[in-house]
Amino acid sequence: GDSVTQTEGQVALSEEDFLTIHCNYSASGYPTLFWYVQYPGEGPQLLFRASRDKEKGSSRGFEATYDKGTTSFHLRKASVQESDSAVYYCALSPVNTGNYKYVFGAGTRLKVIA
Amino acid sequence: GGIITQTPKFLIGQEGQKLTLKCQQNFNHDTMYWYRQDSGKGLRLIYYSITENDLQKGDLSEGYDASREKKSSFSLTVTSAQKNEMAVFLCASSWTGGSSYEQYFGPGTRLTVL
């Protein structure tokens, strides 16, 4: 079945550090890939998505590029802030007709220290 | 814009008790989902429904029942709460018919079983 792997369970950075959270996926066809962010006490909310090979998604300084060759969608930000502290989920959409299940990675907890 | 409302926000129950969680959405979305969120384990799908009166089991359906009597509402029942169980239950909804559609999440219900 389809799967999403996030390598880092937790990441701790100082403000203005560079962030990378790795996301690799396994799926047939061309799923849409998503990054969600979840703040304490809230549900996950969409950060951005990408639907085609080499497409870049971006929002709030975060970005990721859909790479079908390496089946990756790594999240990056050049300079993190304390307010970026949250849990980040990589996810992929259902592809085949009759499949309605989204697949989520295990999540990466980011803590940014001022 | 729309919103997903989950009630209650906090739910405390006794071992063996039947507990019901409710979810309402005003997006007019076709598909609704229930996920369980445990720390470090990401989001696990319990049930989903692609239209009113439809129910589909997810990967974690044992011990749960669900009900979709209206397009806008989706309920989840814990049939016999387990002692020391603690998790956040997230409701989500989305359009169907296209893989680029995102899911919208509610704020969650936090369950504690004494």
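Our subject is the structure that appears above.
In this report, we go over the structure that sits alongside the text. This one's a predicted model, so the numbers in the text were calculated from it and none came from an experiment. (Residues numbered from 1 in each chain as written. Chains lettered and ligands numbered in written order. Predicted model: local features only at pLDDT ≥ 70, side-chain atom pairs only at ≥ 80, totals over all residues. Heavy atoms only, no water.)

A short note on the overall build of chain A
Moving on, step 1. Broken down by element type, chain A carries 0 helices and 12 strands.
Moving on, step 2. Along chain A, from the amino end to the carboxyl end, the secondary structure elements read β-β-β-β-β-β-β-β-β-β-β-β.
Moving on, step 3. Relative to its length of 114 residues, chain A is compact, with a C-alpha radius of gyration of 14 Å against a globular reference of 13 Å.
Moving on, step 4. C-alpha atoms of chain A, sized along the principal axes, occupy 45 × 30 × 20 Å.
Moving on, step 5. The 114 residues of chain A split such that 46% are buried.
Moving on, step 6. Counting contacts in chain A only where the partners sit at least 6 residues apart, residues at least 24 apart contribute 54% of the total.
Moving on, step 7. Counting every atom, chain A has about 5300 Å² of accessible surface; 46% of that belongs to carbon and sulfur. (Helix = DSSP H or I, 4+ residues; strand = E, 2+ residues; numbered from the N terminus. Rg over C-alpha atoms; globule rule 2.2 N^0.38 Å. Buried < 20%, exposed > 50% of the residue type's maximum accessible area, 1.4 Å probe, protein only. Contact = heavy atoms within 4.5 Å. Areas by Shrake-Rupley, 256 points an atom, 1.4 Å probe, with all protein chains shown as cover.)

Side note on the side chain of Thr109 of chain B
All names here are of chain B.
Moving on, step 1. As for its position among the elements, Thr109 is in strand 11 (residues 109–113).
Moving on, step 2. Of note is the side chain of Thr109, whose polar atom sits 2.6 Å from the backbone oxygen of Pro8.
Moving on, step 3. Contacts of Thr109, omitting those with residues within four sequence positions, involve Gln6, Thr7, Pro8, Lys9, Leu11, Leu21, Ala87, Val88 and Phe89. (Polar contact = N/O pair within 3.5 Å; in protein donor to acceptor, adjacent residues only side chain to side chain.)

Quick notes on the sheet that holds strand 9 (residues 75–77) of chain A
Within a sheet, each strand pairs with its neighbour through backbone hydrogen bonds, oriented either parallel or antiparallel.
Residues and elements named next belong to chain A.
Moving on, step 1. Within the open sheet, the 4 strands sit side by side as 3-9-8-7. Their pairing is antiparallel. On the outer flanks of this sheet lie strand 3 (19–21) and strand 7 (56–59), each paired with one strand and no other. The mean inter-strand angle of the sheet, taken between neighbouring strand axes irrespective of direction, is 20 degrees.
Moving on, step 2. With 2 bridges connecting them, strand 8 (residues 62–65) and strand 9 associate as antiparallel partners. Looking at the pairing, Glu63 lines up with Arg76 of strand 9. (Pairing = 2+ DSSP bridges. Axes fitted to C-alpha atoms, helices over the stretch in contact; angles between N-to-C directions.)

Overview of the pattern of salt bridges
Moving on, step 1. On inspection of all chains with the given rule, the structure shows 10 salt bridges over all chains.
Moving on, step 2. If you follow the salt bridges from partner to partner, you end up with Asp53, Lys54 and Asp67 of chain A in one network. (Salt bridge = Lys/Arg side-chain N within 4 Å of Asp/Glu carboxyl O.)

Quick look at the state of the cysteines
Moving on, step 1. If you walk through the whole model with that rule in mind, you get 2 disulfides over all chains.
Moving on, step 2. Here Cys23 of chain A connects covalently by a disulfide to Cys90 of chain A, the sulfurs 1.9 Å from one another. Linking Cys23 of chain A and Cys90 of chain A, the disulfide has an S-S dihedral of approximately -65 degrees and is accordingly described as left-handed. One end of the pair, Cys23 of chain A, is in strand 4 (residues 23–26); the other, Cys90 of chain A, is in strand 10 (residues 86–92), and 67 residues separate them in sequence.
Moving on, step 3. Linked covalently through their sulfurs, Cys23 of chain B and Cys91 of chain B form a disulfide whose S-S length is 1.9 Å. Here the disulfide of Cys23 of chain B and Cys91 of chain B is left-handed, its torsion about the S-S bond being about -75 degrees. Within this pair, whereas Cys23 of chain B is found in strand 3 (residues 19–25), its partner Cys91 of chain B is found in strand 9 (residues 86–94), the two being separated by 68 residues in sequence. The residues Cys23 of chain B and Cys91 of chain B share a single accessibility class, namely buried. (Disulfide = S-S within 2.5 Å.)

Re the nonpolar core
Moving on, step 1. Counting 27 residues, the largest nonpolar core has Leu19, Trp35, Leu47, Phe48, Phe73, Leu75 and Tyr88 of chain A as its most contacted members.
Moving on, step 2. Every element with two or more residues in this core is listed here: strand 2 (10–14), strand 3, strand 4, strand 5 (33–38), strand 6 (45–50), strand 8, strand 10 and strand 12 (108–113) of chain A.
Moving on, step 3. Here the element with the most residues in this core is strand 10 of chain A; it accounts for 4 residues.
Moving on, step 4. Every residue in contact with Phe73 of chain A, bar those within four places of it in the chain, is listed here: Cys23, Leu33, Phe34, Trp35, Phe48, Arg49, Ala50, Ala64, Thr65, Tyr66 and Cys90 of chain A.
Moving on, step 5. Core analysis: the next-biggest nonpolar cluster, separate from the first, contains 21 residues, Cys23, Phe27, Tyr64 and Leu111 of chain B among them. (Core = buried A, V, L, I, M, F, W, Y, C linked by side-chain atoms within 4.5 Å.)

Concerning the packing of aromatic side chains
Residues and elements named next belong to chain A.
Moving on, step 1. A full pass over the atoms with the stated rule returns 17 aromatic pairs over all chains.
Moving on, step 2. Ring plane angle 35 degrees and centroid distance 5.9 Å describe the contact between Phe34 and Tyr36, whose orientation is recorded as tilted. Accessibility assignment for this pair places Phe34 and Tyr36 in one class, buried.
Moving on, step 3. Directly above the aromatic system of Tyr30 lies the positively charged group of Lys68, at a separation of 4.4 Å from the ring centroid. (Phe/Tyr/Trp six-rings, centres within 6.5 Å; stacked < 30°, edge-to-face > 60°. Lys NZ or Arg CZ within 6 Å of the ring centre and 35° of its normal.)

Details of the interface of chain A and chain B
Moving on, step 1. In this complex, chain A contributes 20 residues to the contact, which on the side of chain B involves 25 residues.
Moving on, step 2. Together, the buried faces of chain A and chain B total about 1800 Å²; carbon and sulfur atoms form 52% of this surface.
Moving on, step 3. Ranking the residues of chain A by area buried against chain B places Tyr100, Lys101 and Tyr102 of chain A at the top, with a combined share of 35%.
Moving on, step 4. If you look at where chain A meets chain B, you find 2 salt bridges.
Moving on, step 5. Arg49 of chain A is the partner of Glu102 of chain B in a salt bridge, and the nearest nitrogen-oxygen pair spans 2.7 Å.
Moving on, step 6. Those elements that provide at least two residues to the side of chain A that touches chain B are strand 5 and strand 6 of chain A. (Buried area = accessible area lost by both parts, 1.4 Å probe.)

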